[in-house]
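Below are the chains, spelled out letter by letter.
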Amino acid sequence: MKTVQEKINEMKSRKALYLSGTSDEKNKAQHNQGKMLARERLHLLYDGGWYDELFTFAEHTSTSFGLAGKKLPGDGVVTGLGAINGRLVHVASQDFTVMGGSVGEMHAWKICELMDMALKNGTPFISINDSGGARIQEGVLSLRGYGKIFYYNTLLSGVVPQISIIAGPCAGGAAYSPALMDFVIMVQGTGQMFIAGPSVIKQATGEDISAEELGGAMTQATISGNVHFIARDDSDAIEICQKLLTYLPSNNTQDPPMTGDSEILIIEDETLNHVIPDDPRDPYNMWEVLTRIFDPDSFLDRKSVV
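As for its placement among the helices and strands, Ile201 is situated in helix H7 (residues 198–205). Considered as a pair, Ile201 and Leu42 are 159 residues apart in the sequence and their alpha carbons are 34 Å apart. Discounting residues that sit within four places of it in the chain, Ile201 has contacts with Ala196, Gly206, Glu207, Ile209 and Leu214.

Structure representation (structure tokens):
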């Protein structure tokens, strides 16, 4: 029988193995693409880099198609609970270095358990997407996992804020969940979101199109309208997310955070008389109107973050 100290040492050893993630080669490849590792993103997102990682030792149970005995640290997703701007937030960060961040049964289970905790505790939920899509080795179990994630997206809708950061590929079934969330932030150059990739489009329609043209940040923000904020890189996306949370309540029973004093200052702004042209057919810059209507420095857009 193992002693208590032996059990503690074994647990520490297992945790160190899981926290180390995959090989240095895969970690380097992730960095070479301009992307952070899953835990690096969480470390930057949470206050002081501190968070409590949940379901660390969850493992897949699949035995088919070469998965028998294969170790997948965290099953490709890191789930955590910590504070952002002093408020508790649940975050799921997909790990592309572990089997491409593909979604299997346990991968989806971890995310759904985290979303259930966010729902019960009334805390915002953030998903950092960096995944190749469904884990085809797990077949229908992977697809059922996606279905559960979508179901929880609908449960959380209107109850707690849901924010998605697209920091890598987000293809196939993975694209549905961000579309069901409240806000989507996409990293330019590395973030991509589409139901079917360029090769599938080529086979189906004969059209040649790049991944960036099909589902890149500018396409999703300016044509489809699925993306609300475009980030330069991972750290920029996280900064936008942190800023966005300051505008939102933790749940539907709370009021949005308040800033400044309660005094309401009413002034006449003559500039508005000249911003909007006399001829209704003439265009004008709506940004100049909004910045004069809202409280100073309170309009959240690309300019207010950088």
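Moving on: the layout of surface pockets. A volume near 170 Å³ is recorded for the second largest pocket. Lining the second largest pocket we find Glu105, Ala108, Trp109, Cys112, Glu113, Leu141, Arg144, Gly145, Lys148, Tyr151 and Tyr152. Among the elements of the structure, helix H4 (105–121) and helix H5 (140–156) are those that each provide at least two residues to the lining of the second largest pocket. Here the element with the most residues in the lining of the second largest pocket is H5; it accounts for six residues. The residue makeup of the lining of the second largest pocket, split by class, is six nonpolar, one polar and four charged.

A few words on the packing of helix H3 (residues 38–45) against helix H10 (residues 234–245). Here H3 crosses H10 at 40 degrees, and the two axes come no closer than 10 Å. What the angle tells us is that H3 and H10 run oblique. In this structure, H3 meets H10 at a crossing whose hand is right-handed. Residues Arg41, Leu44 and Leu45 of H3 form the contact with H10, whose participating residues are Asp234, Ser235, Ile238, Cys241 and Gln242. Partitioning the contact of H3 with H10 into residue classes produces four nonpolar, two polar and two charged.

Judged by nonpolar contacts, the single largest core of 28 residues is most densely connected at Ile111, Met115, Phe125, Ile149 and Leu156. Looking at this core element by element, the count peaks at six residues for H4. Not counting the four nearest positions on each side in its chain, Ile149 is found in contact with Ala108, Ile111, Cys112, Met115 and Ser177.

Positionally, Pro198 belongs in helix H7. Its relative accessible area of 23% is what places Pro198 among the partly exposed residues. Pro198 sits 192 residues away from Glu6 along the chain, and the two C-alpha atoms are 52 Å apart. Among all residues touching Pro198, those that are not within four sequence positions of it are Ile209, Ser210, Ala211 and Leu214.

Scoring rules and cut-offs
- Residues numbered from 1 in each chain as written.
- Predicted model: local features only at pLDDT ≥ 70, side-chain atom pairs only at ≥ 80, totals over all residues.
- Heavy atoms only, no water.
- Helix = DSSP H or I, 4+ residues; strand = E, 2+ residues; numbered from the N terminus.
- Contact = heavy atoms within 4.5 Å.
- 1 Å grid on protein atoms, 1.4 Å probe; cavity = no way out; pocket = protein on both sides within 12 Å on 5 of 7 lines; lining within 4 Å.
- Points joined across faces, edges and corners; volume = space filled by probe spheres on them.
- Nonpolar A, V, L, I, M, F, W, Y, C, P; charged D, E, K, R; others polar.
- Axes fitted to C-alpha atoms, helices over the stretch in contact; angles between N-to-C directions.
- Parallel < 35°, antiparallel > 145°, perpendicular 65-115°, else oblique.
- Left-handed = near helix turned anticlockwise from the far one by under 90°.
- Core = buried A, V, L, I, M, F, W, Y, C linked by side-chain atoms within 4.5 Å.
- Buried < 20%, exposed > 50% of the residue type's maximum accessible area, 1.4 Å probe, protein only.

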